[in-house]
Amino acid sequence: MHHLKTINRGNIMNITVYLGARTGYSAVYRSYAYELGAWIACHGHTLIYGGSRTGLMGKLADGALEHGGRVIGVEPQFFMDDELQHEGLTQLIVTNDMASRKEKMMELGDVFLAFPGGIGTLEEISEVMSQIKLGLLQGRFAFLDFNGYYQPMKSLIRHMAEEGFVDNHWAGQVAFLSSFEQLEAFLAG
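These numbers come from a predicted model, not from an experiment. (Residues numbered from 1 in each chain as written. Predicted model: local features only at pLDDT ≥ 70, side-chain atom pairs only at ≥ 80, totals over all residues. Heavy atoms only, no water.)

A. Spatial organisation of the sheet that holds strand E3 (residues 70-76). Pairing within the open sheet is parallel, and its seven strands lie in the order E4-E3-E2-E1-E5-E6-E7. The open sheet has two edge strands, strand E4 (91-95) and strand E7 (175-177), and neither has a second partner. With direction set aside, neighbouring strand axes in the sheet form an average angle of 25°. Strand direction decides the pairing type here: strand E2 (residues 46-49) and E3, joined by four bridges, are parallel. Directly across from Thr46, in E3, lies its bridge partner Arg70. (Pairing = 2+ DSSP bridges. Helix = DSSP H or I, 4+ residues; strand = E, 2+ residues; numbered from the N terminus. Axes fitted to C-alpha atoms, helices over the stretch in contact; angles between N-to-C directions.)

Structural data, given as C-alpha cells:
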C-alpha cells in the first residue's frame, strides 16, 4: 500500500462511504475496501459508514481502525438486535430505522463515496446525488470505480443526459475514480 506513505492533515474531512454488507465474489473488493479505510485514516480523515462488521463494510472499518483512524458507524436498531455492529468503533450511533440512518450519514458527511455494493449502496448514493443536485445537501460525491465496477453507472448517467433527463454539464461532472491518486485529487478539489 504505497499510497499510505504521505499524510496530509491540511484539509481534514468526514468521508461517508456507502458499500456492500457482502464481500462479493472477487477478493479484489475486500482488498480495496481495507485499503480505502487505511487510506482515509492515514490522511487524517474521519470515516463515516453504516457501522456493520459484515462484508466490505467490516473490511473498510478494519482498515481505518488498524491504521489509527477515527471511525463513526451509524447502525439502525434492528441491525443491533441481530448483533451486526462492528466492535471497537470510535463512535457508534444507533438510529430507529434505515431512513434515520441515511439522514444521519448525510448530516455527518462532507464528501460521499460509493464503493462497490448492492441495492442499498445504490439507494444511498442516489439519494445523495439527488439531494446535492437539488441544493438540499452540501458536499460532493463520487463513485469509486475500482475494478471498473461503476462503468455501467457511468454509461447510464451518460444515457440519461443523451435522452434529456439530466443536464449534460451535470452528467459530465460526475466523478468516477479508479485509483487513490484520483481520490486524493478529487478531495483536494
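Now, onward.
B. Up close: the pattern of salt bridges. Inspection of every chain in the model, using the stated rule, returns three salt bridges. The shortest N-O distance in the salt bridge between Glu127 and Lys102 comes to 3.0 Å. Pair noted here: Glu127 is in helix H5 (residues 119-133) and Lys102 is in helix H4 (residues 98-108), with a separation of 25 residues, a long-range link. In this structure, Lys104 and Glu107 form a salt bridge, with 3.0 Å as the shortest nitrogen-oxygen distance. With Lys104 and Glu107 both in helix H4 and three residues apart, the pair spans about one turn of that helix. Here Glu107 falls in the exposed class, since its relative accessible area comes to 54%. Beyond isolated ion pairs, a larger network of salt bridges with shared partners links Lys102, Glu123 and Glu127. (Salt bridge = Lys/Arg side-chain N within 4 Å of Asp/Glu carboxyl O. Buried < 20%, exposed > 50% of the residue type's maximum accessible area, 1.4 Å probe, protein only.)

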